[in-house]
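# Examining the three-dimensional arrangement
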Amino acid sequence: MPVAGKNNHDWLGLKKELSPRRQLQLTVLSFVLPLAAWALVSYVPFLWHPLVRVTSAGDVDYFIEDMEVPRAQFEQENAKMRAQNMTPAEGMRVNPVYFPPPHAVARAFYTAFKTPPRLPNEPWLHESLGHSIRTICWGFVISSIFGVPLGVLCGTYRFFARLQEPFVEFFRYLPAPAFGALCVAILGIDDPPKIAIIFIGTFFQQVLVIANTVRKVDPALIEAAQTLGASRLKLLFKVIIPASITDIYTDMRILLGWAWTYLIVAEVVGTMSGITFFINQQARYRNFDNVYAAIAMIGIIGFSTDLFLAWLGTVMFPWKRRRASVLRKKRSWFPPLWPEAIAPVSDEEKPNMQADVAR
Amino acid sequence: MSLAELKLPDYREQLPEVAARFRRISQREVILRVDDLKKSFGANGSEHIVFNNVSLNIHRREFICVIGPSGCGKSTFIRIIAGLDECSGGTVLLDNHDVSGPGPDRGMVFQGYTLFPWLTVKRNVMFGLEMRGKSHVTAEAEARQWLDMVGLAKFEDLYPHELSGGMKQRVAIARALANEPRILIMDEPFAALDAQTRCQMQAYLLQIWKKVDVTILFITHDLDEAAYLADRILVMGSNPGRVVEFIENPVPRPRSAAQFISPEFLSLKKRLEELIHPPVETGEEEKLPMIKLTVAGDEVE
């Protein structure tokens, strides 16, 4: 019989906090489920496996060993052979080469870092990744140096909002890749045009998003500061910026995620470089396991950066930490890394950021 | 039996000591002088008047409560005095100087606490002091004193979200008082608190007021609160907002909860009830058009 007030078994309670243990289980499961689906499709032949790899050609004249043909064609040829009393071909069902099984990708993940590139002037995987991270950092840092102060100004003063935002709003709709040719013409074929594209892709969103965040500062806090004698510049630096800094930080985390999408476009501009070059090169050699490994690598870098930044946020902004839990009382100098640390973005704080931008 | 039916003395009858106290107060200098204040929206043709003809003088260390039905403009009135809104006519003089814009000489405590969430309790109290250019060390020492006074010294390193509502409001009071304002404006400061905490806070506030040279202008919609705290009660009416009466509170000081059933208290409260909730013509409570949904004989009253 259920005991009143004890609903530990309610996994789907609306707005109910799940226990930390349960949260962790679900987090792990969120990765395990797609992996399991992938493994099923890869290892259980009758689920998909649309091709047949020929193991012995039999009497089919154009079949050769290790050739992959569609199943229907294979059956058709064999039916012909059987009708003419000739030896049918033999083969095994396989998935297309662009759909490698998990173990191949896992192996590639390990070997990709250890295998030297085919050509002497090609970069190693870690060099490619380093190049990409460098590009994205430059683009994001330069964008932030201009975008954050401008966003804060627009959010604080109507004057700057009216002066800047209509143009920014217009420019935001121009797709960053459209500037590729222009960037190359102006900045050459190496890294500068790539950084410029990340800048264009990030900057205008950044100004609008941060301006909106700053506008949301509780006016009562500003009034309270005014009655305490804070005047113009002090209001900006002592009230408006501190009051919005945590939300700005969250915005920056999301914007950094967007910057990664522009990276792939940017790296195609001029001479192809970084992780995009690696992916293209491997695809050309038909090493699709390496392609998947490289794509997964981007995900891992992005996700772990975000986790790190989330944790860093709880260190930098102690007033945003939730009420002391038992865990935190024990070691209050070290905020928990998981899973509460990622809560701010996924939870209630930023559900309508897209809506803000689309406003 | 309702308050209206009770046989009570006139609320204007004052005990000798109460009358003497009001004479003493009226001899003190005037801190706040409000003359023919008016607030309205819109152009002359379709003007909406929030309130007009509001005039009053407040003397040093007086405790004034402002009550009135919702929509009478009492919040707007004190926001104008605080400098957060602009008036449409009339003058507000603080120490004979025109008020323009908010300033540290008029401290304000809001209903919604408005503590700075990124600052610890101590830094919150230091905020105004630092804004006025005091050094960190001086500000810190003074903030500690004020926190001591509101009894929160040992919570100085907590962040606001770790405090209860009553504690937050005490920090807000300490923060406002640390600036040593000429007048402390409080906009329904205890309305969000539960009944028990509110009683405590009222008692705290009286204690603080006795110890500090400050004049208090306190907005409330709670008649008991007004009668318990105030020297004089400014009753405002609505449509348009105006001063209905400026009542001298006949309840002697020091105040205590025991006075809630004293004849002076009840006569004052009766008068306030009459002003705020004028008797309905029919005298009959309006019946809700509700069909009975319970079993016959299963009555709650």
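In what follows, the accompanying structure is described. (Residues numbered from 1 in each chain as written. Chains lettered and ligands numbered in written order. Predicted model: local features only at pLDDT ≥ 70, side-chain atom pairs only at ≥ 80, totals over all residues. Heavy atoms only, no water.)

Counting its regular elements, chain B contains 8 helices and 10 strands. Since a compact globule built from 301 residues should have a radius of gyration of about 19 Å, the 21 Å found for chain B is in line with a globular shape. Here the contacts in chain B between residues at least 6 apart in sequence split such that 71% fall between residues at least 24 apart. When the accessible surface of chain B is summed, it comes to about 14900 Å², and 51% of that surface belongs to carbon and sulfur atoms. Side chains of chain B carry 36 positive and 42 negative charges; the gap between the two charge centres is 5 Å. (Helix = DSSP H or I, 4+ residues; strand = E, 2+ residues; numbered from the N terminus. Rg over C-alpha atoms; globule rule 2.2 N^0.38 Å. Contact = heavy atoms within 4.5 Å. Areas by Shrake-Rupley, 256 points an atom, 1.4 Å probe, with all protein chains shown as cover. Lys, Arg positive; Asp, Glu negative; His and termini not counted. Charge placed at Lys NZ, Arg CZ, Asp CG, Glu CD.)

Moving on: helix 1 (residues 16-27) of chain B. All names here are of chain B. Compared with the 16 Å implied by 1.5 Å per residue over 12 residues, the 17 Å span of helix 1 between its first and last C-alpha is a close match. The set of residues buried in helix 1 consists of Val18, Arg21, Phe22 and Ile25. Looking straight down helix 1, one finds that the buried residues subtend no more than 95° of arc, so they occupy a single side. Residues of helix 1 that are exposed and point over 90 degrees away from its buried face: Pro16, Arg23 and Gln27. Buried positions along helix 1 lie against strand 2 (48-59), helix 6 (195-211), strand 9 (232-237) and strand 10 (242-248). (Expected span 1.5 Å × (residues − 1). Buried < 20%, exposed > 50% of the residue type's maximum accessible area, 1.4 Å probe, protein only. Arc of directions from axis to C-beta.)

To continue, consider the nonpolar core. Formed by 62 residues in total, the largest nonpolar core has its most connected members in Ile200, Ala225, Val239 and Ile275 of chain A together with Phe116, Trp118 and Phe127 of chain B. Elements with a contribution of two residues or more to this core: helix 4 (125-156), helix 5 (158-172), helix 7 (191-215), helix 8 (219-227), helix 9 (232-268), helix 10 (274-284) and helix 11 (288-316) of chain A together with helix 3 (121-131) of chain B. Residues within four places of tryptophan 118 of chain B in sequence aside, it is in contact with Leu221, Lys238, Val239, Pro242, Ala243 and Trp319 of chain A together with Tyr159 of chain B. Within the second largest apolar cluster, 53 residues are counted, among which are Leu147, Tyr228, Ala230 and Ile233 of chain B. (Core = buried A, V, L, I, M, F, W, Y, C linked by side-chain atoms within 4.5 Å.)

Residue and element names in this part refer to chain A. Helix 10 packs onto helix 9 with a crossing angle of 70° between their chain directions and a minimal axis gap of 8 Å. The pairing of helix 9 with helix 10 is recorded here as roughly perpendicular in orientation. Listed contacts from helix 10 to Leu263, Ile264, Glu267 and Val268 of helix 9 are Gly274, Ile275 and Thr276. Class assignment of the residues belonging to the contact of helix 9 with helix 10 gives a composition of 4 nonpolar, 2 polar and 1 charged. (Axes fitted to C-alpha atoms, helices over the stretch in contact; angles between N-to-C directions. Parallel < 35°, antiparallel > 145°, perpendicular 65-115°, else oblique. Nonpolar A, V, L, I, M, F, W, Y, C, P; charged D, E, K, R; others polar.)

Turning next to the environment of lysine 154 of chain B. Position of lysine 154 of chain B relative to the elements: it lies in the loop between helix 4 (136-149) and helix 5 (165-178). Counting along the chain gives 33 residues from lysine 154 of chain B to valine 121 of chain B, while the straight-line C-alpha distance between them is 10.0 Å.

Residue-level contacts link 24 residues of chain B with 19 residues of chain A. Interface area, chain B with chain A, both sides summed: about 1900 Å², of which 68% is carbon and sulfur. If you sort the residues of chain B by the area they bury against chain A, Trp118, Met131 and His161 of chain B come out on top, with a joint share of 36%. Here chain B and chain A share 1 salt bridge between them. Residues arginine 79 of chain B and glutamate 223 of chain A are paired through a salt bridge, measuring 2.6 Å at the closest nitrogen-oxygen approach. Looking at the side of chain B that touches chain A, the elements that each hand over two or more residues are strand 6 (106-109), helix 3 and helix 5 of chain B. If you tally residues by element for the side of chain B that touches chain A, the top one is helix 3 of chain B, at 4 residues. Split by residue class, the side of chain B that touches chain A holds 14 nonpolar, 5 polar and 5 charged. (Buried area = accessible area lost by both parts, 1.4 Å probe. Salt bridge = Lys/Arg side-chain N within 4 Å of Asp/Glu carboxyl O.)

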